[in-house]
Amino acid sequence: MSGPNKNYDPVEVAALDPEAIDQAVASALAAASAATTLDELKALRAAHQGDRSPLALANREIGALPPSAKAEAGKRVGQARGRVGQAFTARQAELEAERDERILVEETLDLTVVDDARPIGARHPISLITERVEDIFVAMGWEIAEGPEVEAEWLNFDALNLGPDHPARQMQDTLFVAPEGSGLVLRTHTSPVQVRTMLDREPPIYVLCPGKVFRSDPLDATHTPVFHQFEGLVVDEGITMAHLKGSLDAFVARLFGEGTVTRLRPSYFPFTEPSAEIDVRCWICSGEDDNCRTCGGTGWIEVGGSGMVNRRVLSAAGIDPDRYTGFAFGLGIERSLMLRHGVADMHDIVEGDVRFSAQFGMEI
Ligand code: PHE
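All figures in this text were calculated on a predicted structure; none of them were measured in a lab. (Residues numbered from 1 in each chain as written. Predicted model: local features only at pLDDT ≥ 70, side-chain atom pairs only at ≥ 80, totals over all residues. Heavy atoms only, no water.)

Draft legend 1. Geometry of the packing of helix H1 (residues 18–34) against helix H4 (residues 67–106). Relative orientation of the contacting elements H1 and H4 amounts to 5 degrees, with a least axis distance of 9 Å. Classified by the interaxial angle, the pair formed by H1 and H4 is roughly parallel. Contact residues: H1 offers Pro18, Ile21, Val25, Ala28, Leu29, Ala32 and Ser33, while H4 offers Arg76, Val77, Ala80, Arg83, Val84, Ala87, Phe88 and Arg91. Split into classes, the residues belonging to the contact of H1 with H4 amount to eleven nonpolar, one polar and three charged. (Axes fitted to C-alpha atoms, helices over the stretch in contact; angles between N-to-C directions. Helix = DSSP H or I, 4+ residues; strand = E, 2+ residues; numbered from the N terminus. Parallel < 35°, antiparallel > 145°, perpendicular 65-115°, else oblique. Contact = heavy atoms within 4.5 Å. Nonpolar A, V, L, I, M, F, W, Y, C, P; charged D, E, K, R; others polar.)

Draft legend 2. Local environment of the site of the ligand. The immediate surroundings of the ligand are formed by 13 residues, with His189, Ser191, Arg215, Gln229 and Glu231 found nearest. At 3.0 Å, a side-chain N or O of serine 191 approaches a nitrogen atom of the ligand. Contacts to the ligand include glutamine 229, whose side-chain N or O atom sits 2.8 Å from an oxygen atom. Relative to its free-state accessible area of 320 Å², the ligand is covered by the protein chains to the extent of 89%. At the level of secondary structure, the elements contributing two or more residues to the shell around the ligand comprise strand E5 (226–236), strand E8 (300–309) and strand E9 (325–332). Across the shell around the ligand, the residue classes break down as four nonpolar, seven polar and two charged. (Near = heavy atom within 4 Å. Polar contact = N/O pair within 3.5 Å; in protein donor to acceptor, adjacent residues only side chain to side chain. Areas by Shrake-Rupley, 256 points an atom, 1.4 Å probe, with all protein chains shown as cover.)

Draft legend 3. View of the environment of aspartate 100. Tracing the backbone through its elements, the reader meets aspartate 100 in helix H4. Here arginine 99 takes part through its side chain, which lies 3.2 Å from a polar atom of the side chain of aspartate 100.

Draft legend 4. How the structure looks around the packing of aromatic side chains. One pass over the full model with this rule turns up eleven aromatic pairs. Between the aromatic rings of phenylalanine 137 and tryptophan 142, the centroid separation amounts to 4.7 Å while the plane-to-plane angle is 50 degrees, which identifies the pairing as tilted. Joined through ring pairs, the aromatic side chains of Phe137, Trp142, Tyr206, Phe230, Phe251, Phe327 and Phe329 make up one cluster. Above the ring of tryptophan 300, the side-chain terminus of arginine 281 is found at 4.5 Å from the ring centroid. (Phe/Tyr/Trp six-rings, centres within 6.5 Å; stacked < 30°, edge-to-face > 60°. Lys NZ or Arg CZ within 6 Å of the ring centre and 35° of its normal.)

Draft legend 5. Geometry of the environment of histidine 166. Note on placement: histidine 166 falls in the loop between helix H6 (153–156) and strand E3 (184–186). On the accessibility criterion, histidine 166 (22% relative accessible area) is partly exposed. Sequence-wise, histidine 166 and aspartate 22 are 144 residues apart; in three dimensions their C-alpha atoms are separated by 114 Å. (Buried < 20%, exposed > 50% of the residue type's maximum accessible area, 1.4 Å probe, protein only.)

Draft legend 6. Region of interest: the nonpolar core. Counting residues in hydrophobic clusters, the biggest one holds 39 residues, and the most contacted among them are Val133, Phe230, Phe251, Phe327, Phe329 and Ile349. When contributions to this core are tallied by element, the ones reaching two or more residues are helix H5 (125–139), E5, helix H8 (241–256), strand E7 (272–281), E8, E9, helix H10 (333–341) and helix H11 (346–351). The contact partners of phenylalanine 230, leaving out residues within four places of it in the chain, are Val133, Thr190, Leu208, Cys209, Pro210, Phe251, Phe329, Gly330, Leu331 and Ile333. Residues Leu162, Met198, Cys209 and Ala317 belong to the second largest nonpolar core, which totals 23 residues. (Core = buried A, V, L, I, M, F, W, Y, C linked by side-chain atoms within 4.5 Å.)

Without other data, these values stay purely geometric and don't point to any function.
Laid out in structure tokens, this is it:
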């Protein structure tokens with residue numbers, strides 16, 4: 001840059017030479033229109049419009065001119081800078097429009113394309129709970145026993161001290177297998193597996209019998225004609241109700257959470273004597289909320305039946321009731337699922353919609 005022109009020497013400073021300025025403008029315009037990307041344009045703009053560009057230098061030289069020459073040079077440089085600025089701004093708008101157009105095309109989503117991603121599915125919570133219950137008892141040294149779903153009437157009823165006049169044998173509960181008098185029913189509980197096990201082998205017996213059972217109930221919010229139970233059976237020397245209580249407490253603590261306990265409430269079942277309903281301490285309020293919606297404020301939730309195996313059942317199965325005693329219990333899996341997870345409608349459990357099952361996690 002030249003120093004101030006103190007002598008007012010009417011000398012044109014090189015950078016302000018009209019030709020040089022035209023030249024700078026021409027090369028800036030060429031550069032702007034040659035830029036093909038926004039990044040490139042930005043770099044070129046810095047070179048042609050930035051502080052070190054020829055036109056910026058020329059602008060700074062104006063100060064060194066004699067006053068008479070300043071106006072004209074200022075106008076010339078100002079117009080030149082204006083044209084260059086406009087050219088770059090216009091080119092930038094063009095390149096941005098091209099970019100936006102390209103993004104619209106590249107990122108277009110075809111919403112009509114059929115998505116063939118297959119969901120991985122989910123296991124049914126009934127299967128998950130059943131396996132968890134099995135694991136708990138197997139860990140205590142018990143075995144799993146199974147029996148047929150189409151069962152001999154004798155095993156489903158008679159051997160369990162449910163005589164021919166017992167109300168549970170009436171048509172409203174039991175699904176009989178045709179033809180009439182076939183002697184076969186769809187088992188109404190898993191208790192016949194008790195009898196099968198005792199007929200099959202000698203004590204000591206420690207078995208868990210999970211399975212599907214059937215009753216002629218219509219499907220509604222709280223009932224289903226096909227549901228699942230698991231039955232526990234222990235027959236050994238010296239077995240008492242304390243063993244029943246201890247086994248149930250150990251079990252519920254593992255299924256419902258540490259600290260959950262059971263309560264046995266007197267009841268009646270033909271195949272056990274004495275018999276008891278099994279209540280579980282409410283795992284939501286622990287008996288401390290009179291308005292608890294899970295237990296209805298009672299602090300306890302009924303989950304099944306139990307008792308000491310009736311002597312007559314032991315005898316029917318060929319076991320000496322003077323030498324051996326045993327206990328049995330039965331719990332409904334659907335009911336436990338509804339209570340444990342707040343499932344309000346049995347339809348959700350029965351229908352097998354994967355969106356319902358998926359909520360219970362993907363554990364295998
Ligand atoms: N079998 C009974 C039922 O289905 C439950 C139960 C099993 C009760 C074992 C006592 C002992 O309701």
